[in-house]
Amino acid sequence: MRSTTLLAMAVPALAALDLLENLPDTGLDTSSWIVGQAPSINGLVDANDFQMAAKNTLSPQNYAYYRTAALDEIGYNANILDWAKLKLNGYSFTDVSNSNIKTSILGYTFNAPFFIAPAAQAGLASGGAESNLAAAAGQAGILYVPSISSTQSLETIAAAGSPGQVMFHQEYIWSDTNRLQDELTRMENAGYKAIFLTVDNTGVNGIRNRYQRYSPGGDAGHSADFTIEALNKLRSMTSLPIVPKGVKTAHDVKLCADLGFPAVYISNHGGRVVDLTPTAVEVLLDVHRLYPEVFGQIEIYADGGVRRASHILTLLSLGVTAVGLGRSPMYANVYGQQGVSKLISILTQELTTTMALMGQADINGFRGNVSYVSPPSKPHR
Ligand code: FNR
């Protein structure tokens, strides 16, 4: 009887926590984890560990909401796997005794070149929801950009930050312009300093089969005729700087620069909108080839599959100012603020360590220095 009970406990644990997530095997031992319970945070040493811990802890439906992506998830998987197509190298005979990863984003100084990207429904992971993310970002001095589809109100999230903490806010291109105006005004009144305007959900949401098995999804009020005229009209609805997010072609990066935006955010929405989209690296390589002048005109942010310092340094070397983290902080939030803080400190330590070992301790020395990165066809100089 006793052994039957033990067996009954062990089988679902193995079945639920499959490791088929395209994650690198770094020796994480999940054999003592109990499904439905958060494993000890002490055993987690990298961002991928937090994904497995969230998968073990959350209900299958809530985990699927965070993890899901469009159609066959080939774009999602490319974000995760394509880093291996590049090489990252550095230099010997340099002084790396003074580490600096402080980063200016739209004129505000933050303690790291990575930020917490907008992601909906943090409340699925923790009762503290987005407030945990705001508090952890504030404590670490990094940027957090809450989603307009958050569990908590934008005012509640603003209030959860530290005194003087700079946050930006994400907005969607709602077809209801009254809603748009109301939210933009509230963001300004709540003290957010810039708007990340997500422009890749035109008319409908992406079809995400992994989550569709629990809930149908579909249109959530996004405008289907968001032309350049609509974009220009929206710019007159707020005095805050606007950064178009979800740009996925070199053409549109150049267009945003020419339209006078202060920054542009290259993203395929973590593979959640259109499948088979290029990764941020691929878009950046196109920008280098077609419109290299853009790097001097405008700040560029990017995200998608960023789980490691090596990914951050790759994007920075290709000319990006700052890098967004989507799913990882949502997974870490299973442990509340403590989890998000631990994720930030893991990435910070990975970053300073990797930089020192690459012979460049100043983050500004990476930005736009393509000699640190080798695409397959290009040798290191
Ligand atoms: C998102 N993302 C997103 N983007 C946005 O502009 N507004 C939003 O409300 C959301 N919501 C959202 C929910 C969830 C659960 C995820 C995972 C993502 C996209 C997000 O900002 C970011 O572009 C990607 O998540 C980056 O990819 P990684 O880091 O998740 O691989």
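What you are looking at is a predicted structure, and each value in this text was computed from that prediction instead of being measured.

A short note on the overall build of the protein chain
At step 1: Secondary structure summary: the protein chain contains 15 helices and 11 strands in total.
At step 2: Computed over its C-alpha atoms, the radius of gyration of the protein chain comes to 21 Å, within 12% of the 21 Å expected for a compact globule of 381 residues.
At step 3: With respect to the three principal axes, the spread of C-alpha positions in the protein chain is 70 × 60 × 40 Å.
At step 4: Taking all 381 residues of the protein chain together, 48% fall into the buried category.
At step 5: Residue pairs at least 24 apart in sequence account for 70% of intrachain contacts in the protein chain once pairs closer than 6 positions are excluded.

Looking at the sheet that holds strand E8 (residues 263–266)
Whenever strands of a sheet pair, they do so through backbone hydrogen bonds, lying parallel or antiparallel.
At step 1: Read from one edge of the open sheet, 7 strands run E4-E10-E9-E8-E7-E6-E5, paired in parallel fashion. Two strands close off the open sheet at either side, each with one partner strand: strand E4 (114–116) and strand E5 (169–172). Across the sheet, the mean angle from the axis of one strand to that of its neighbour is 30°, orientation sign disregarded.
At step 2: Where E4 and strand E10 (residues 322–325) come together, 3 bridges link them in parallel fashion. When the sheet's bridge partners are listed, Phe115 is paired in E10 with Gly324.

Remarks on the nonpolar core
At step 1: Leu143, Val243, Val264, Ile266 and Val320 are the most contacted members of the largest nonpolar core, which has 104 residues in total.
At step 2: Each of domain 1 (4–35 + 42–70) and domain 2 (103–374) accounts for three or more of the residues forming this core.
At step 3: When residues no more than four places from it in sequence are discounted, the contact partners of Val264 are Val243, Pro244, Val247, Val253, Cys256, Ala257, Ile298 and Ile300.

Quick look at the domain arrangement of the protein chain
At step 1: Looking at the assigned domains, one finds that the protein chain contains domain 1 (4–35 + 42–70) and domain 2 (103–374).
At step 2: Listed as interface residues are 19 residues of domain 1 and, on the opposing side, 27 residues of domain 2.
At step 3: Taken together, the elements giving at least two residues each to the side of domain 1 that touches domain 2 come down to helix H2 (47–57) and helix H3 (60–67).
At step 4: For the side of domain 1 that touches domain 2, the leading source of residues is H2, giving 7 residues.
At step 5: A class-by-class count of the residues in the side of domain 1 that touches domain 2 yields 11 nonpolar, 6 polar and 2 charged.

Some details on the pairing of strand E6 (residues 195–198)
At step 1: Both faces of E6 are covered, namely the face carrying Ile195 and Leu197 and the face carrying Phe196 and Thr198.
At step 2: Inspection of the sheet shows E5 paired to E6 by 4 bridges, in the parallel sense. Along E6, the bridge assignment pairs His169 with Ile195.
At step 3: The parallel pair E5 and E6 is bridged by helix H7 (residues 177–189), and the resulting crossover is right-handed.

A word on the site of the ligand
At step 1: Contacts to the ligand come from 24 residues, most closely from Ser147, Thr198, Gly270, Gly326 and Arg327.
At step 2: Looking at the shell around the ligand, the elements with two or more residues in it are E10 and helix H14 (327–332).
At step 3: When the residues that make up the shell around the ligand are grouped by side-chain class, the tally is 8 nonpolar, 12 polar and 4 charged.

How each quantity is defined
- Residues numbered from 1 in each chain as written.
- Predicted model: local features only at pLDDT ≥ 70, side-chain atom pairs only at ≥ 80, totals over all residues.
- Helix = DSSP H or I, 4+ residues; strand = E, 2+ residues; numbered from the N terminus.
- Rg over C-alpha atoms; globule rule 2.2 N^0.38 Å.
- Buried ≥ 20, exposed ≤ 12 C-beta atoms within 10 Å, placed from the backbone.
- Contact = placed C-beta atoms within 7 Å.
- Pairing = 2+ DSSP bridges.
- Axes fitted to C-alpha atoms, helices over the stretch in contact; angles between N-to-C directions.
- Core = buried A, V, L, I, M, F, W, Y, C linked by C-beta atoms within 7 Å.
- Domains from an automatic or database assignment.
- Nonpolar A, V, L, I, M, F, W, Y, C, P; charged D, E, K, R; others polar.
- Right-handed = clockwise from strand over helix to strand, strands pointing away.
- Near = placed C-beta within 6 Å.

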